Amino acid sequence: MRSAKRLLQQCRPLGTQLEEVVGLGGVRTMITDLKAAMAAKIPKEQERLRELRKECGPKALGACTVEQAIGGMRGIPAMLWETSLLDPEEGIRFRGHTIPELEEKLPSAKEGGEPIPEGLLWLLMTGEMPTVDQAKAVTELLRERSKVPDHVFKVLRDLHPNTHPMTQLCQAVLALQVDSKFAADYRAGIHKSKYWEPVFEDSINLIAKLPTIAAAIYRNTYKGGELIEADPKLDWAANLSHMMGYDDEGCLEMMRLYQTIHADHEGGNVSAHATHLVGSALSDPYLSFTAGMTGLAGPLHGLANQEVLRWLNEVRAEVGDNVTKEQMKEFVWATLKSGKVVPGFGHAVLRKTDPRYTCQAGFAARNMPDYPLYKLVALLYDVVPDILIQTGKVKNPWPNVDAHSGVLLQYYGITEENFYTVLFGVSRALGVLSQG
Ligand code: NMX
Ligand code: MLT
């Protein structure tokens, strides 16, 4: 299923800009409080939706074929998704901005460095590119709410030691649900025009706590359970890396970029669609995000980043690090002939190389040009598309986001591939909860 936004845009232009407000004494001040920015925007957005329905309600969005119904509603424009738009040829745009534009325009933690996801969160929620101060204010907001209650750590500790990190993430988020503001306000009879406020509160509370939860899962599962305190000087993504035990400056930058580019991919992918669907029952953000994460845990979706590494390690175990093009071709054919997919390649919507892949390849070229695994992934780019084309059935033979992310993590020492999808999930919270 894909977004109806393109057609809806033809009916009516996007909402108004919100940059400045007139404060006390008539002084124009920039809003740096995310909730205040939302409060100024939401009534207009609610009105826009009402008008859209009135003006365009009967307009048809397109026809639907039997093949599309069988194929999981692919290509049917049937969903309103404001935060991002996916073009099959160009790739994702977040509120109108491509990945290279985000790299250029979003605030960074250091001069000329990688974008910080807090800036993206502001952009996704308000539709406006944030200033440095606005992004910093989000960092502070998330820091203030980052404390995870003890009972959540207890839930994690009591799980079976073999519990997959993605299952642990879901359990921890469900354990947080006891504090849902939306669930409490709904019980108290909140007016529906005000739903957005407790949804916003829950979303921010959850996003703020996810790095600590993810790091606890990592430390419990792979590092003997010794947890690391957050560093109050660090931003949200850098703190995730720090609490996992990785303080290398390059790793902090990698985590900022990683957390920015995985955030949103329109509404038709499994994690976004599941979050949206469950949220439409007025299940609170903790419940709906968990639904998204159980979907992200599937090997054809987010778990593919773990599968890519597993698969590359199989190649290396068989032929060593100096794999030739011919050996790689044989390995790809053997994978296909054994009835498996080549992980990290193909996409339900994209028909070109994923710009998130290109962005990560650029990071690798700048920061780890001689790393053997980077070279192996570059070799895959040379070999796999041609073979997938030869099968005659794969609609997109090009690499997706998952083909490259594991290499970056491995380089900085995060070698436990079963954990990778948790990092994807932390980032995905920014997109799917903003849409909520
Ligand atoms: N390797 C082998 N076969 C493939 C691949 C691949 N990478 N991609 C597609 N196919 C097959 C697919 O299984 C289907 O075969 P069949 O008719 O026998 O069922 C045929 O090609 C047509 O599929 P498409 O229409 O091209 O792709 P579809 O939209 O069904 O699926 C994916 C999209 C992403 C599920 C698919 O390309 C895939 O399984 N890729 C590998 C797993 C992966 O990398 N997933 C991550 C996606 C991105 N993410 O982060 O979520
Ligand atoms: C995603 O980021 O969600 C994946 O690329 C899958 C998709 O968009 O269908």
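Looking at an unreviewed UniProt entry, one finds the chain named Citrate synthase and attributed to Chlorella ohadii. According to the UniProt record, the Sequence similarities (unreviewed entry) comment for the chain is "Belongs to the citrate synthase family."

1. Side note on the overall build of the chain
The helix and strand tally for the chain stands at 20 helices and seven strands. Computed over its C-alpha atoms, the radius of gyration of the chain comes to 22 Å, within 12% of the 22 Å expected for a compact globule of 436 residues. Oriented by its inertia axes, the alpha-carbon framework of the chain measures out at about 70 × 55 × 45 Å. Put simply, the chain has 436 residues, and 53% of those count as buried. Within the chain, counting contacts between residues at least 6 apart in sequence, those at least 24 apart form 75% of the total. Just so you have it, the chain exposes about 19,400 Å², and 54% of that area is on carbon and sulfur atoms. The centroid of the 47 positive side-chain charges in the chain is displaced by 5 Å from the centroid of its 53 negative side-chain charges.

2. Concerning the UniProt feature "active site" (unreviewed entry) in the chain
What UniProt calls "active site" (unreviewed entry) maps, in this numbering, to His-301, His-347 and Asp-402. The annotated residues occupy 102 residues of the chain but converge on a single region, no pair of C-alpha atoms lying more than 10.8 Å apart. Mapped onto the fold, His-301 is located in the loop between helix H14 (285-296) and helix H15 (304-319). Among residues more than four places away in sequence, those in contact with His-301 are Asn-269, Val-270, Ser-271, Gly-295, Leu-296, Asp-402 and Arg-428. Only 3.0 Å separates the side chain of His-301 from the side chain of Ser-271, close enough to count as a polar contact. Tracing the chain through its elements places Asp-402 in helix H19 (residues 402-411). If sequence neighbours within four positions are ignored, Asp-402 has contacts with His-301, Gly-302, Ala-304, Asn-305, Val-308, Gly-344 and Phe-424.

3. Let's talk about the site of ligand 2
Contacts to ligand 2 come from eight residues, most closely from His-265, Asn-269, His-347, Arg-356 and Arg-428. Within the side chain of Asn-269, a nitrogen or oxygen atom sits 3.3 Å from an oxygen atom of ligand 2. Within the side chain of His-347, one N or O atom sits 2.8 Å away from an oxygen atom of ligand 2. When ligand 2 sits alone it has 260 Å² of accessible area, and the protein chains cover 88% of it.

4. A closer look at the pairing of strand E5 (residues 84-87)
As paired elements, E5 and strand E6 (residues 91-94) share four bridges and run antiparallel to each other. Bridging across to E6, Leu-86 finds its partner in Ile-92. In sequence, E5 turns back onto E6 through a hairpin of three residues.

5. A few points about the site of ligand 1
Looking at ligand 1, there are 22 residues lining it, with Arg-74, His-301, Gly-344, Lys-393 and Asp-402 nearest. Residue His-301 places a side-chain N or O atom 2.7 Å away from an oxygen atom belonging to ligand 1. Separating an oxygen atom of ligand 1 from a side-chain N or O atom of Lys-393 is a distance of 2.8 Å. Contact with the protein chains covers 76% of the free accessible surface of ligand 1, which is 890 Å². In the shell around ligand 1, the residues fall into twelve nonpolar, six polar and four charged.

6. Thoughts on the side chain of Lys-209
Take Lys-209: it is sitting in helix H10 (residues 196-222). Buried Lys-209, no salt bridge; nearest opposite-charge side chain is Asp-179, N-O distance 6.9 Å. Setting aside its immediate chain neighbours within four residues, Lys-209 contacts Arg-145, Ser-146, Lys-147, Val-148, Pro-149 and Leu-176.

7. Remarks on the packing of H10 against helix H20 (residues 420-435)
Axis separation between H10 and H20 bottoms out at 10 Å; the angle between their running directions is 170°. Here H20 runs roughly antiparallel to H10, going by the angle between their axes. Residues Ser-203, Leu-206, Ile-207, Leu-210 and Ala-214 of H10 lie in contact with H20, whose contacting residues are Val-422, Val-426, Ala-429, Leu-430 and Leu-433.

The rules behind each value
Residues numbered from 1 in each chain as written. Chains lettered and ligands numbered in written order. Predicted model: local features only at pLDDT ≥ 70, side-chain atom pairs only at ≥ 80, totals over all residues. Heavy atoms only, no water. UniProt positions renumbered as here; feature names shortened; annotations may be inferred. Helix = DSSP H or I, 4+ residues; strand = E, 2+ residues; numbered from the N terminus. Rg over C-alpha atoms; globule rule 2.2 N^0.38 Å. Buried < 20%, exposed > 50% of the residue type's maximum accessible area, 1.4 Å probe, protein only. Contact = heavy atoms within 4.5 Å. Areas by Shrake-Rupley, 256 points an atom, 1.4 Å probe, with all protein chains shown as cover. Lys, Arg positive; Asp, Glu negative; His and termini not counted. Charge placed at Lys NZ, Arg CZ, Asp CG, Glu CD. Polar contact = N/O pair within 3.5 Å; in protein donor to acceptor, adjacent residues only side chain to side chain. Near = heavy atom within 4 Å. Pairing = 2+ DSSP bridges. Nonpolar A, V, L, I, M, F, W, Y, C, P; charged D, E, K, R; others polar. Salt bridge = Lys/Arg side-chain N within 4 Å of Asp/Glu carboxyl O. Axes fitted to C-alpha atoms, helices over the stretch in contact; angles between N-to-C directions. Parallel < 35°, antiparallel > 145°, perpendicular 65-115°, else oblique.

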